[in-house]
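# Residue-level structure breakdown
Below are the chains, spelled out letter by letter.
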Amino acid sequence: MPHQLYAVTAVAAGILLVSLGVTLVLAFRIRRLRAERDRAVRLAREELARDVHDLAGHWLWLASIKSELAYRHAAGDERLRGELAEALDAVRHAAHAVRHVSRGTRGDRRLSLQGESTRAQSLLAGFGIDCSVSVARPGLPEDVSAVLGTVVREGVTNMLRHSEPGRCVIELTGRDGRLLLSVANDGAPHGSHRERPGGDGLGNLRHRVTGLGGTLRTTADGDGWFRLVAEVPEKFSE
(Lines give C-alpha, C1' and ligand atoms only; values in the text may rest on other atoms or scores of the structure.)
Protein backbone atom coordinates (compact mmCIF):
# COMPACT_ATOMS: atom_id res chain seq x y z
CA MET A 1 0.00 0.00 0.00
CA PRO A 2 2.74 2.53 0.83
CA HIS A 3 4.36 1.71 -2.50
CA GLN A 4 1.10 2.41 -4.33
CA LEU A 5 0.66 5.69 -2.45
CA TYR A 6 4.20 6.66 -3.32
CA ALA A 7 3.60 5.82 -6.97
CA VAL A 8 0.39 7.85 -7.07
CA THR A 9 2.15 10.78 -5.39
CA ALA A 10 5.04 10.59 -7.84
CA VAL A 11 2.68 10.51 -10.80
CA ALA A 12 0.72 13.47 -9.42
CA ALA A 13 3.93 15.39 -8.82
CA GLY A 14 5.10 14.59 -12.33
CA ILE A 15 1.81 15.75 -13.82
CA LEU A 16 2.02 18.93 -11.73
CA LEU A 17 5.56 19.63 -12.91
CA VAL A 18 4.62 18.99 -16.52
CA SER A 19 1.60 21.28 -16.15
CA LEU A 20 3.76 23.99 -14.63
CA GLY A 21 6.29 23.60 -17.42
CA VAL A 22 3.59 23.83 -20.09
CA THR A 23 2.10 26.84 -18.33
CA LEU A 24 5.47 28.60 -18.25
CA VAL A 25 6.12 27.81 -21.91
CA LEU A 26 2.70 29.12 -22.86
CA ALA A 27 3.22 32.24 -20.74
CA PHE A 28 6.54 32.95 -22.44
CA ARG A 29 5.00 32.37 -25.87
CA ILE A 30 2.09 34.68 -25.09
CA ARG A 31 4.50 37.34 -23.86
CA ARG A 32 6.60 36.99 -26.99
CA LEU A 33 3.54 37.14 -29.26
CA ARG A 34 2.34 40.25 -27.47
CA ALA A 35 5.76 41.85 -27.87
CA GLU A 36 5.79 40.98 -31.58
CA ARG A 37 2.27 42.33 -31.95
CA ASP A 38 3.17 45.58 -30.19
CA ARG A 39 6.27 45.94 -32.35
CA ALA A 40 4.27 45.31 -35.53
CA VAL A 41 1.68 47.90 -34.49
CA ARG A 42 4.40 50.42 -33.66
CA LEU A 43 6.14 49.90 -37.01
CA ALA A 44 2.82 50.17 -38.85
CA ARG A 45 2.04 53.42 -37.09
CA GLU A 46 5.47 54.82 -37.89
CA GLU A 47 5.10 53.85 -41.54
CA LEU A 48 1.63 55.41 -41.68
CA ALA A 49 2.97 58.60 -40.09
CA ARG A 50 5.67 58.79 -42.76
CA ASP A 51 3.09 58.26 -45.49
CA VAL A 52 0.86 60.98 -44.09
CA HIS A 53 3.83 63.34 -43.92
CA ASP A 54 4.85 62.52 -47.49
CA LEU A 55 1.36 62.73 -49.00
CA ALA A 56 -0.77 65.22 -47.07
CA GLY A 57 2.31 67.16 -46.03
CA HIS A 58 3.28 67.62 -49.68
CA TRP A 59 -0.02 69.20 -50.67
CA LEU A 60 -0.06 71.41 -47.59
CA TRP A 61 3.46 72.50 -48.44
CA LEU A 62 2.45 73.26 -52.01
CA ALA A 63 -0.55 75.28 -50.80
CA SER A 64 1.73 77.18 -48.43
CA ILE A 65 4.26 77.98 -51.15
CA LYS A 66 1.60 79.08 -53.62
CA SER A 67 -0.08 81.25 -50.98
CA GLU A 68 3.24 82.81 -50.07
CA LEU A 69 3.96 83.52 -53.74
CA ALA A 70 0.55 85.21 -54.10
CA TYR A 71 1.21 87.14 -50.88
CA ARG A 72 4.43 88.56 -52.31
CA HIS A 73 2.71 89.56 -55.53
CA ALA A 74 -0.13 91.27 -53.68
CA ALA A 75 1.99 94.22 -52.58
CA GLY A 76 -0.15 97.36 -52.30
CA ASP A 77 -3.41 95.50 -51.67
CA GLU A 78 -3.47 95.28 -47.89
CA ARG A 79 -6.87 93.59 -47.75
CA LEU A 80 -5.76 90.79 -50.07
CA ARG A 81 -2.46 90.44 -48.23
CA GLY A 82 -4.35 90.12 -44.96
CA GLU A 83 -6.55 87.34 -46.34
CA LEU A 84 -3.55 85.54 -47.78
CA ALA A 85 -1.73 85.86 -44.47
CA GLU A 86 -4.68 84.16 -42.76
CA ALA A 87 -4.64 81.41 -45.38
CA LEU A 88 -0.92 80.89 -44.82
CA ASP A 89 -1.45 80.68 -41.08
CA ALA A 90 -4.24 78.11 -41.51
CA VAL A 91 -2.10 75.96 -43.80
CA ARG A 92 0.80 76.06 -41.36
CA HIS A 93 -1.47 75.01 -38.51
CA ALA A 94 -2.76 72.14 -40.65
CA ALA A 95 0.80 71.08 -41.50
CA HIS A 96 1.62 71.10 -37.79
CA ALA A 97 -1.40 68.90 -37.08
CA VAL A 98 -0.36 66.42 -39.78
CA ARG A 99 2.87 65.80 -37.87
CA HIS A 100 0.90 64.66 -34.83
CA VAL A 101 -2.19 62.94 -36.26
CA SER A 102 -2.13 60.02 -38.68
CA ARG A 103 -5.26 58.46 -40.07
CA GLY A 104 -6.62 57.11 -43.34
CA THR A 105 -4.93 54.86 -45.90
CA ARG A 106 -1.74 55.05 -47.88
CA GLY A 107 -3.62 56.18 -50.99
CA ASP A 108 -2.25 56.43 -54.49
CA ARG A 109 1.37 57.42 -54.18
CA ARG A 110 2.63 57.36 -57.77
CA LEU A 111 5.67 59.44 -56.95
CA SER A 112 8.52 59.56 -59.42
CA LEU A 113 11.84 61.30 -59.73
CA GLN A 114 10.99 62.79 -63.11
CA GLY A 115 7.57 64.00 -62.00
CA GLU A 116 8.82 65.65 -58.80
CA SER A 117 11.76 67.24 -60.63
CA THR A 118 9.50 68.72 -63.31
CA ARG A 119 7.11 69.99 -60.64
CA ALA A 120 9.99 71.53 -58.70
CA GLN A 121 11.35 73.26 -61.80
CA SER A 122 7.95 74.81 -62.53
CA LEU A 123 7.45 75.88 -58.92
CA LEU A 124 10.88 77.49 -58.62
CA ALA A 125 10.34 79.37 -61.87
CA GLY A 126 7.40 81.08 -60.13
CA PHE A 127 9.86 82.47 -57.61
CA GLY A 128 12.26 83.64 -60.29
CA ILE A 129 14.72 80.85 -59.51
CA ASP A 130 16.56 79.28 -62.44
CA CYS A 131 16.41 75.50 -62.07
CA SER A 132 18.20 73.03 -64.34
CA VAL A 133 17.12 69.39 -64.24
CA SER A 134 19.02 66.36 -65.48
CA VAL A 135 17.47 63.17 -64.09
CA ALA A 136 16.61 61.04 -67.13
CA ARG A 137 17.24 57.38 -66.34
CA PRO A 138 15.36 54.79 -68.45
CA GLY A 139 14.24 51.70 -66.58
CA LEU A 140 14.60 53.19 -63.11
CA PRO A 141 12.81 50.86 -60.62
CA GLU A 142 9.56 52.30 -59.28
CA ASP A 143 10.62 52.08 -55.62
CA VAL A 144 13.91 53.83 -56.31
CA SER A 145 12.23 56.51 -58.42
CA ALA A 146 9.66 57.20 -55.68
CA VAL A 147 12.28 57.61 -52.96
CA LEU A 148 14.44 59.85 -55.12
CA GLY A 149 11.34 61.87 -55.92
CA THR A 150 10.85 62.51 -52.20
CA VAL A 151 14.49 63.63 -52.00
CA VAL A 152 13.82 66.27 -54.65
CA ARG A 153 10.64 67.40 -52.92
CA GLU A 154 12.23 67.69 -49.50
CA GLY A 155 15.29 69.41 -50.93
CA VAL A 156 13.16 72.04 -52.66
CA THR A 157 11.02 72.46 -49.54
CA ASN A 158 14.07 73.21 -47.39
CA MET A 159 15.50 75.44 -50.08
CA LEU A 160 12.44 77.69 -50.17
CA ARG A 161 12.13 77.74 -46.40
CA HIS A 162 15.72 78.43 -45.44
CA SER A 163 17.55 80.12 -48.31
CA GLU A 164 17.30 82.76 -51.02
CA PRO A 165 18.67 81.01 -54.09
CA GLY A 166 19.06 82.33 -57.60
CA ARG A 167 19.96 78.96 -59.06
CA CYS A 168 19.07 75.35 -58.38
CA VAL A 169 20.54 72.21 -59.95
CA ILE A 170 18.84 68.81 -59.72
CA GLU A 171 21.10 66.14 -61.15
CA LEU A 172 21.17 62.34 -61.24
CA THR A 173 24.34 60.45 -62.10
CA GLY A 174 25.22 56.77 -61.99
CA ARG A 175 28.33 54.67 -61.66
CA ASP A 176 29.11 51.04 -60.77
CA GLY A 177 25.50 50.19 -60.03
CA ARG A 178 25.01 53.20 -57.73
CA LEU A 179 22.90 56.31 -58.32
CA LEU A 180 23.80 59.72 -56.97
CA LEU A 181 21.09 62.39 -56.77
CA SER A 182 22.04 65.95 -55.89
CA VAL A 183 19.64 68.81 -55.14
CA ALA A 184 21.78 71.96 -54.92
CA ASN A 185 21.16 75.68 -54.61
CA ASP A 186 23.37 78.77 -54.39
CA GLY A 187 21.47 80.65 -51.68
CA ALA A 188 22.94 79.19 -48.52
CA PRO A 189 24.93 81.49 -46.24
CA HIS A 190 27.78 79.75 -44.43
CA GLY A 191 26.45 77.44 -41.70
CA SER A 192 22.78 78.15 -42.36
CA HIS A 193 21.57 74.77 -43.60
CA ARG A 194 22.19 72.49 -40.68
CA GLU A 195 19.61 69.79 -40.21
CA ARG A 196 17.51 70.22 -37.11
CA PRO A 197 17.65 67.10 -34.94
CA GLY A 198 13.88 66.98 -34.48
CA GLY A 199 12.95 67.78 -38.07
CA ASP A 200 10.42 65.34 -39.51
CA GLY A 201 11.27 65.92 -43.17
CA LEU A 202 14.92 64.91 -43.40
CA GLY A 203 14.49 62.28 -40.69
CA ASN A 204 11.72 60.54 -42.65
CA LEU A 205 13.69 60.99 -45.83
CA ARG A 206 16.81 59.40 -44.35
CA HIS A 207 14.69 56.44 -43.20
CA ARG A 208 13.42 55.87 -46.74
CA VAL A 209 16.84 56.21 -48.35
CA THR A 210 18.53 53.84 -45.89
CA GLY A 211 15.63 51.43 -46.48
CA LEU A 212 16.94 51.08 -50.03
CA GLY A 213 20.46 50.44 -48.78
CA GLY A 214 21.48 54.01 -49.49
CA THR A 215 22.83 57.07 -47.70
CA LEU A 216 21.74 60.68 -47.32
CA ARG A 217 23.97 63.63 -46.55
CA THR A 218 24.07 67.42 -46.73
CA THR A 219 27.01 69.67 -47.55
CA ALA A 220 27.49 73.44 -47.58
CA ASP A 221 30.34 74.97 -49.58
CA GLY A 222 32.08 78.20 -48.73
CA ASP A 223 30.79 79.73 -51.97
CA GLY A 224 27.17 79.55 -50.77
CA TRP A 225 26.15 76.28 -52.45
CA PHE A 226 24.16 73.84 -50.35
CA ARG A 227 23.61 70.24 -51.47
CA LEU A 228 21.28 67.49 -50.40
CA VAL A 229 22.78 64.26 -51.74
CA ALA A 230 21.25 60.78 -51.83
CA GLU A 231 23.14 57.70 -52.98
CA VAL A 232 21.22 54.45 -53.58
CA PRO A 233 21.69 51.15 -55.45
CA GLU A 234 20.33 51.36 -58.98
CA LYS A 235 18.71 47.94 -58.63
CA PHE A 236 16.97 47.40 -55.31
CA SER A 237 15.44 44.16 -54.02
CA GLU A 238 14.05 43.26 -50.59
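The following refers to the structure shown. (Residues numbered from 1 in each chain as written. Predicted model: local features only at pLDDT ≥ 70, side-chain atom pairs only at ≥ 80, totals over all residues. Heavy atoms only, no water.)

From N to C terminus, the chain includes five helices and five strands. Counting every position in the chain, which comprises 238 residues, the buried fraction comes to 34%. Put simply, of all contacts in the chain between residues at least 6 apart along the chain, 69% involve residues at least 24 apart. If you sum the accessible surface of the chain, you get close to 14900 Å²; carbon and sulfur atoms cover 56% of it. (Helix = DSSP H or I, 4+ residues; strand = E, 2+ residues; numbered from the N terminus. Buried < 20%, exposed > 50% of the residue type's maximum accessible area, 1.4 Å probe, protein only. Contact = heavy atoms within 4.5 Å. Areas by Shrake-Rupley, 256 points an atom, 1.4 Å probe, with all protein chains shown as cover.)

So, about the pattern of salt bridges. Per the stated rule, a full pass over the model turns up four salt bridges. R137 is paired through a salt bridge with E234; the nearest N and O atoms lie 3.3 Å apart. In this pair, R137 is assigned in the loop between strand 1 (130-134) and helix 4 (142-162) and E234 in the segment after strand 5 (226-233), connecting sequence segments 97 residues apart. A relative accessible area of 19% places E234 in the buried class. (Salt bridge = Lys/Arg side-chain N within 4 Å of Asp/Glu carboxyl O.)

This next bit is on the environment of V229. When you line up the elements, V229 lands in strand 5. A relative accessible area of 7% means that V229 is categorised as buried. For the pair formed by V229 and L216, sequence separation is 13 residues and the distance between their alpha carbons is 5.8 Å. Setting aside its immediate chain neighbours within four residues, V229 contacts L180, L181, S182, T215, L216 and R217.

Pairing geometry for strand 1 and strand 2 (residues 167-175), over five bridges, is parallel. Residue pairing across strands places S134 opposite E171, the latter belonging to strand 2. With helix 4 bridging strand 1 and its parallel neighbour strand 2, the resulting β-α-β unit is left-handed. If you look at the hairpin formed by strand 2 and strand 3 (residues 178-185), you'll find two residues sitting between the two strands, and D176 has a positive phi there, around 55 degrees. (Pairing = 2+ DSSP bridges. Right-handed = clockwise from strand over helix to strand, strands pointing away.)

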